[in-house]
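Each chain, written out:
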Amino acid sequence: LLGSRRERKIGICGVVNMKKKILKNIDWGIFICCILLSIIGMIALFSATYDSEDTSLQRQLIWFVICIPVVFIIIFIDYEAIAKISPILYGIVLILLVIVLFTDPVNGATSWFNLGFLSIQPAEFAKIAVILFLALVLCKIQEKGKNEINRPTKLLIALAVVAIPVLLIIKQPDYGTAAAFLVATVMILFTAGINKKYIIGTILLVVIAVPLLYFFVLPEHAKDRIEVFLNPESDPRGSGYNLTQSKLAIGAGQLTGMGLLKGNQTQLGFLYPKTTDFIFSVIGEEMGFIVAGSVIIIYVILITKSIYVAKTAKDDLGTYIAIGIAGIFLFHMVENIGMTMGLLPITGVPLPFVSYGGSSLLTNFILIALLLNISGRRQKAIFIE
């Protein structure tokens, strides 16, 4: 009996020591970046929804409070164990992506399950499942050697993992989220050691496919967005209205901003949607170049640290997951900020941690939790107890 108690005590101490080592080894700079972005986002939401019945800020605060304990729960579950259940998560996500196509359209897209008190966007949670499952599939493929990924049949299997959910997301249609998957996939495959001939072939295929997609596949509203991007002044009161107002807002902010609750485009309702797609425009107008520039710097630090986690991960699985997450954040940051400035076409992509959205916020914090999980287990000594 005494031996049994002693063994349990030693086991408990071992678990506690392991958790302490994980927490000590984590790159907390990643988490701090996310908290700073969330705070800036909620300040912008406060200003954007002030003196209105919009409850976006209150909902965002609730989701933020929910996200924090979720992060710490995921940190202490070995990411290898999480990856092992990714086929189940992947299957659930595919089912949800099919079912959501039969829901009522919101702003022309069937992307949300409207539950009354909240809306759930399965495409956001698909990011988690697809990255985990793709990383697991690549590791299985490369068990016999790193070069296995360059075998056409094996590469097609990996690409199919991404292609199925991407096609379902395009069907909604949600081209911005679909593009985020593609960027993450390219970064993962490049890290996995894909042959240059496939990269060159893909580039040539894209060059050939883009004109065909534009003329024969893209719907009219998507073509309008591209045309507005190329020539915003062609329809300033129609398709080019949002972009024009966004550029006016950012330009009006100058160095220090017009002040909270004082932005003309933000407060007079010219900027839309100001809580999601164009939240960066609110920041630029009311907080100015200093804060807006700081937001970009924080994202650069976050993405750089994510890539470093991928580089220093203890195994290929951790590397692939981390680089995929870095790809998701990289695309969202570049696309959202780029479109608000008129540098890229408008796609309706939210700004991670800043834009309003419960599904987006929870997904982003889960991705961050996986990054922290991987960074905390970079030293193999942690597992030696």
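It should be noted that the structure appears before, not after, this text.
Residues numbered from 1 in each chain as written. Predicted model: local features only at pLDDT ≥ 70, side-chain atom pairs only at ≥ 80, totals over all residues. Heavy atoms only, no water.

Peer 1: Where do I start with the overall build of the chain in this structure?
Peer 2: Looking only at helices and strands, one finds 15 helices and 2 strands in the chain. Computed over the C-alpha atoms, the radius of gyration of the chain is 22 Å, within 12% of the 21 Å expected from 2.2 N^0.38 for a compact globule of 385 residues. Each of the three principal axes of the chain carries a C-alpha extent, and together these read 75 × 50 × 40 Å. Across the 385 residues in the chain, those meeting the buried criterion constitute 48%. (Helix = DSSP H or I, 4+ residues; strand = E, 2+ residues; numbered from the N terminus. Rg over C-alpha atoms; globule rule 2.2 N^0.38 Å. Buried < 20%, exposed > 50% of the residue type's maximum accessible area, 1.4 Å probe, protein only.)

Peer 1: What's the story with the packing of aromatic side chains in this structure? I'm lost.
Peer 2: Any two aromatic rings considered together are summarised by their centre-to-centre distance and by the angle between their planes. A full pass over the atoms with the stated rule returns 8 aromatic pairs. Centroid distance Phe31 to Phe72: 5.9 Å. Interplanar angle 75 degrees. Geometry classified as edge-to-face. One end of the pair, Phe31, is in helix α2 (residues 28-48); the other, Phe72, is in helix α3 (residues 56-75), and 41 residues separate them in sequence. Using a relative accessible area of 29% as the deciding quantity, one classes Phe72 as partly exposed. Here Tyr90 and Phe133 contribute two aromatic rings whose centre-to-centre distance is 4.6 Å and whose plane-to-plane angle is 40 degrees, an arrangement assigned as tilted. A residue pair is termed long-range when its members are at least 10 positions apart, and Tyr90 in helix α5 (residues 86-99) and Phe133 in helix α6 (residues 122-141) qualify at 43 residues. A single burial state applies to Tyr90 and to Phe133, both of which are buried. Site record: aromatic cluster; members linked through ring pairs are Phe64, Phe329, Phe353 and Phe365. Stacked on the ring of Phe76, the Lys or Arg Lys19 has its end atom at 5.3 Å from the ring centre. (Phe/Tyr/Trp six-rings, centres within 6.5 Å; stacked < 30°, edge-to-face > 60°. Lys NZ or Arg CZ within 6 Å of the ring centre and 35° of its normal.)

Peer 1: I keep staring at the packing of α2 against helix α15 (residues 358-376) and nothing clicks. Help me out?
Peer 2: Each pair of packed helices gets described by two things: the angle between the helix axes and the distance between those axes. Across the interface, α2 lies against α15 with an axial gap of 9 Å and an inter-helix angle of 165 degrees. Between α2 and α15, the angle is such that the two are roughly antiparallel. In the packing of α2 onto α15, the handedness of the crossing is left-handed. Here Trp28, Ile30, Phe31, Cys34 and Ser38 of α2 come into contact with α15, specifically with Leu361, Phe365, Ile368, Leu371 and Leu372. (Axes fitted to C-alpha atoms, helices over the stretch in contact; angles between N-to-C directions. Parallel < 35°, antiparallel > 145°, perpendicular 65-115°, else oblique. Left-handed = near helix turned anticlockwise from the far one by under 90°. Contact = heavy atoms within 4.5 Å.)

Peer 1: Would you mind going over unusual backbone geometry with me for this structure?
Peer 2: Most peptide bonds adopt trans geometry, and most residues besides glycine take a negative phi value. Note that the residue after Gln172, namely Pro173, is joined by a cis bond; omega there is -5 degrees. Structurally, Pro173 is set in the loop between α7 (152-171) and α8 (175-192). In the segment running from Tyr272 into Pro273, the intervening peptide bond is cis, with an omega of -10 degrees. In this structure, Pro273 sits in the loop between α12 (264-267) and α13 (279-312). One non-glycine residue, Leu261, lies in positive phi territory at about 70 degrees. Secondary-structure assignment places Leu261 in the loop between α11 (241-253) and α12. Although it is not a glycine, Phe353 adopts a positive phi angle of roughly 75 degrees. Inspection of the secondary structure assignment puts Phe353 in the loop between α14 (316-340) and α15.

Peer 1: Would you explain α7 in this entry?
Peer 2: If you check α7, its first and last C-alpha atoms are 27 Å apart, about what 20 residues at 1.5 Å a residue would give, namely 28 Å. Largest kink in α7: about 30 degrees, centred on Ala160. Where α7 is concerned, the buried positions are Lys154, Leu155, Ala158, Val161, Val162, Pro165, Val166, Leu168 and Ile169. (Expected span 1.5 Å × (residues − 1). Bend = angle between axes of the 7 residues up to and from the residue.)

Peer 1: Looking at this structure, how should I read empty space enclosed by the protein?
Peer 2: Sizing a probe to match a water molecule and rolling it over the atoms shows the empty space that remains. Per the stated rule, a full pass over the model turns up 1 cavity of 30 Å³ or more. Here the largest cavity is characterised by a volume of approximately 30 Å³. Lining the largest cavity are Val130, Ile131, Leu134, Phe181, Ala184, Thr185, Ile188 and Ile328. Those elements that place two or more of their residues in the lining of the largest cavity are α6 and α8. (1 Å grid on protein atoms, 1.4 Å probe; cavity = no way out; pocket = protein on both sides within 12 Å on 5 of 7 lines; lining within 4 Å. Points joined across faces, edges and corners; volume = space filled by probe spheres on them.)

Peer 1: How should I be thinking about the nonpolar core in this particular structure?
Peer 2: Across soluble globular proteins, nonpolar side chains have a tendency to be buried as a group. Leu138, Leu302, Ile321, Phe353, Phe365 and Ile368 are the most contacted members of the largest nonpolar core, which has 104 residues in total. Among the elements that make up this core, the one with the highest residue count is α6 (14 residues). In contact with Phe353, other than residues within four places in its own chain, are Cys34, Leu37, Ser38, Leu302, Phe329, Leu361, Asn364, Phe365 and Ile368. (Core = buried A, V, L, I, M, F, W, Y, C linked by side-chain atoms within 4.5 Å.)

Peer 1: Could you clarify how one ought to interpret the state of the cysteines in this entry?
Peer 2: Where two cysteines share a covalent bond between their sulfur atoms, that bond is called a disulfide. According to the stated counting rule, one finds 0 disulfides in the structure shown. You can see Cys33 has no disulfide; the closest cysteine sulfur is in Cys34, sitting 6.7 Å from it. The closest cysteine sulfur to the non-disulfide-bonded Cys67 is located on Cys34, 10 Å from its own sulfur. (Disulfide = S-S within 2.5 Å.)

Peer 1: Even after reading the chapter, I still don't get the layout of surface pockets, so can you show me in this structure?
Peer 2: Computed from the structure, the second largest pocket encloses a volume of approximately 320 Å³. What lines the second largest pocket is a set of 15 residues, and nearest its centre among them are Leu89, Phe125, Ile128, Ala129 and Ile366. Looking at the lining of the second largest pocket, the elements with two or more residues in it are α5, α6 and α15. With 5 residues, the top contributor of residues to the lining of the second largest pocket is α6.

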